[in-house]
Amino acid sequence: MPSDHPPIQPLRFVQRGAIVNVERVAPERTLLALLREDLGQPAVKEGCNSGDCGACTVVLAQAEGDGLRWRAINSCLRLAHSVDGSALWTAADLTQDPLLDLGGAQLHPAQQAMLEQHGSQCGFCTPGFVMSLFAQYQNRVMAGETVTREATQADLSGNLCRCTGYRTILDAAQSMARLPPARVDQAALLALLGQIAPAPTTLAALLQARARWPEARLVAGATDLGLSITKGLQPQARLLDLTRVEELGRIERQPGWLGIGAAVTLEDAFAALVQQWPTLAEFAQRFAGLPVRQSGTLGGNIANGSPIGDSMPLLIALRARLQLLRWDPDRQTAAERHLALEDFYTGYRRNRLGADELIERIEIPCPEQPADSGWTRAYKVSKRHEDDISTVCLALSLQLDNGQVLAAAIGVGGIAATPVRATRTEAVLTGQPWSVATVQQAMKTIESEFEPLSDLRASASYRRQLLGQLLWRSWLESQGSALPYATGLQALEPISPRTETELRP
Ligand SMILES: Cc1cc2nc3c(=O)[nH]c(=O)nc-3n(C[C@H](O)[C@H](O)[C@H](O)COP(=O)(O)OP(=O)(O)OC[C@H]3O[C@@H](n4cnc5c(N)ncnc54)[C@H](O)[C@@H]3O)c2cc1C
Ligand code: FES
Ligand code: FES
């Protein structure tokens, strides 16, 4: 190992009521590899090794405020070092944790319920399901919440059962609360976590490290980067972790704008957006599955720059701008610059970020009151409802006054080499009545504005047609037409504008 290298710290976490201390863990070692291969814990399963199946799910608890924050995550993509300072459970730990009082039972309710409801068939996916259920137990059952079918589907959105035993698994989730309770000794756990709380990295230290090792890869949730390790087999020996910098994890609400730190998880970032624009709630649930949203970050999504990434069309429609930072060696301070998100990309997965820069924050202009937010909608069409990436994504934000479109911003994904803005279609809408005639004109324009590719997800003509249909759908919704949130390919069900016009009150 060369001496001019970001230093490797020992890794410490709490497991089974004790502090585990592991020395010399390579920066690119995944948590799954650490648990299974280095620590001999085979209860964590390896399925896809790409964040898709959930077999490798483990649960993390981190001190937050006066309490604990519980998250189910995919250990196959998360880097081992990222759990430094956390408590960790695998399925095998649930019956062997002195801090977890099972009230005399032999199994945790998450396990007992799976047993009683026949939720396990092959058994291979089961430890992952049990861990997602354990996180649900801590987050919902222990909080006294009634566990609904809908909430369970959201909580298990990152777990696949290939023999489709979902009903019994959903039944298991809903029966956990009827079993004798299992309680974690939170005070004792917090005391242990206090002993291993990692020293936060300052923003200045991170920027200086970025300037010193420009070839080092920045890493946040590793839900993209982890794939280059597990699938691309590309060693990433030089990594700079962004998630330890407090400023990058902040959400700030200021008059007129919302600032989301680049290392805020997708789950928390979407929660902040939904608070401002409640109509985005459904779209937020369509981003990957819960474990990916609980690790992946908003800044990571933008920096990764996939043309089928989901946050960017939305943020383009919301006219977001990026705050980029680098270390200025002459002034010995951070230097910032701003860039509209729509101007950030220069080509397929290429962007204007300098080798010594990072994304610090995403700034989104906001009206003072959520009710003033105009007409803001985002739609994702994918082959699978949960845990799938977009075939096409369309987001629009309209300022309406007395039925007139004062301003329009439309972001689209899946139709070009980068996420883009539909400026020609915006021009057709702007200054016009929000009417059938205008929308039909806008549909024609958006269907001809781009030259999408045909690939395994969809043909070019399907994508073009989708763009028009999603605009039409949005107009229908604005007229109070209660369309269900169509899933996957059903979203293409053609709705003839003429027919719908006739149906209109
Ligand atoms: C199963 C699965 C499902 C997924 N589903 C979706 C989906 O539905 N929609 C979607 O859009 N994406 C999806 N993704 C992709 C991924 O989850 C997102 O792109 C996520 O936001 C990446 O964030 P991260 O923190 O994990 O990034 P990382 O993997 O840590 O980093 C990604 C890239 O960004 C760089 N980077 C990270 N943060 C910064 C920063 N602050 N400044 C500069 N560079 C930075 C890193 O160097 C790296 O090159 C999915 C991934 C998986 C595995
Ligand atoms: S092994 Fe499939 S999600 Fe991790
Ligand atoms: S029980 Fe394992 S795939 Fe269904």
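Fair warning: this is a prediction, and the values are worked out from it, not measured in the lab.

Colleague: How do you make sense of the nonpolar core when you look at a structure like this?
Modeller: As a rule of thumb, nonpolar side chains are buried together in soluble globular proteins. Grouped together as the largest cluster of nonpolar side chains are 40 residues, with contacts concentrated most on Val59, Trp70, Trp89, Leu100, Met131, Phe134 and Leu189. Sorting the residues of this core by element identifies β3 (57–64), β4 (67–74), β5 (87–89), α2 (109–116), α3 (126–141), α5 (166–175) and α6 (186–195) as the ones contributing at least two each. For this core, the element with the most residues is α3, which contributes eight residues. In contact with Val59, not counting residues within four places along its chain, are Trp70, Arg71, Ala72, Ala87, Leu88, Trp89, Met131, Phe134 and Ala135. Counting residues in hydrophobic clusters, the runner-up holds 38 residues, among them Leu258, Val264, Phe283 and Val292.

Colleague: I'm lost on the sheet that holds strand β20 (residues 420–421) in this one. Help?
Modeller: Neighbouring strands of a sheet are bound in pairs by backbone hydrogen bonds; such pairs are parallel or else antiparallel. Strands sit in the order β17-β18-β19-β20 across an open sheet of four strands; the sheet is antiparallel. Of all the strands in the sheet, the pair left with one neighbour each is β17 (375–381) and β20. The pairing of β17 with strand β18 (residues 392–401) spans seven bridges and is antiparallel. For Lys380, the partnering residue across the bridge sits in β18 and is Cys393. Across the sheet, helix α16 (residues 460–478) is in contact with β17, β18 and β19 (404–413); its angle to β17 comes to roughly 140°.

Colleague: Would you mind showing me how to read the site of ligand 1 here?
Modeller: Of all residues adjacent to ligand 1, which total 34 residues, the nearest are Leu218, Thr223, Asp224, Leu225 and Thr297. Leu225 is positioned with one of its backbone polar atoms (N or O) 2.7 Å from an oxygen atom of ligand 1. Burial of ligand 1 by the protein amounts to 93% of the accessible area it has alone, namely 990 Å². For the shell around ligand 1, the secondary structure elements donating two or more residues are β8 (217–219), α12 (298–304) and β16 (358–365). Among the elements that line the shell around ligand 1, the one with the most residues is α12, at four residues. The residue makeup of the shell around ligand 1, split by class, is 17 nonpolar, ten polar and seven charged.

Each value, and the rule that gives it
Residues numbered from 1 in each chain as written. Chains lettered and ligands numbered in written order. Predicted model: local features only at pLDDT ≥ 70, side-chain atom pairs only at ≥ 80, totals over all residues. Heavy atoms only, no water. Core = buried A, V, L, I, M, F, W, Y, C linked by side-chain atoms within 4.5 Å. Buried < 20%, exposed > 50% of the residue type's maximum accessible area, 1.4 Å probe, protein only. Helix = DSSP H or I, 4+ residues; strand = E, 2+ residues; numbered from the N terminus. Contact = heavy atoms within 4.5 Å. Pairing = 2+ DSSP bridges. Axes fitted to C-alpha atoms, helices over the stretch in contact; angles between N-to-C directions. Near = heavy atom within 4 Å. Polar contact = N/O pair within 3.5 Å; in protein donor to acceptor, adjacent residues only side chain to side chain. Areas by Shrake-Rupley, 256 points an atom, 1.4 Å probe, with all protein chains shown as cover. Nonpolar A, V, L, I, M, F, W, Y, C, P; charged D, E, K, R; others polar.

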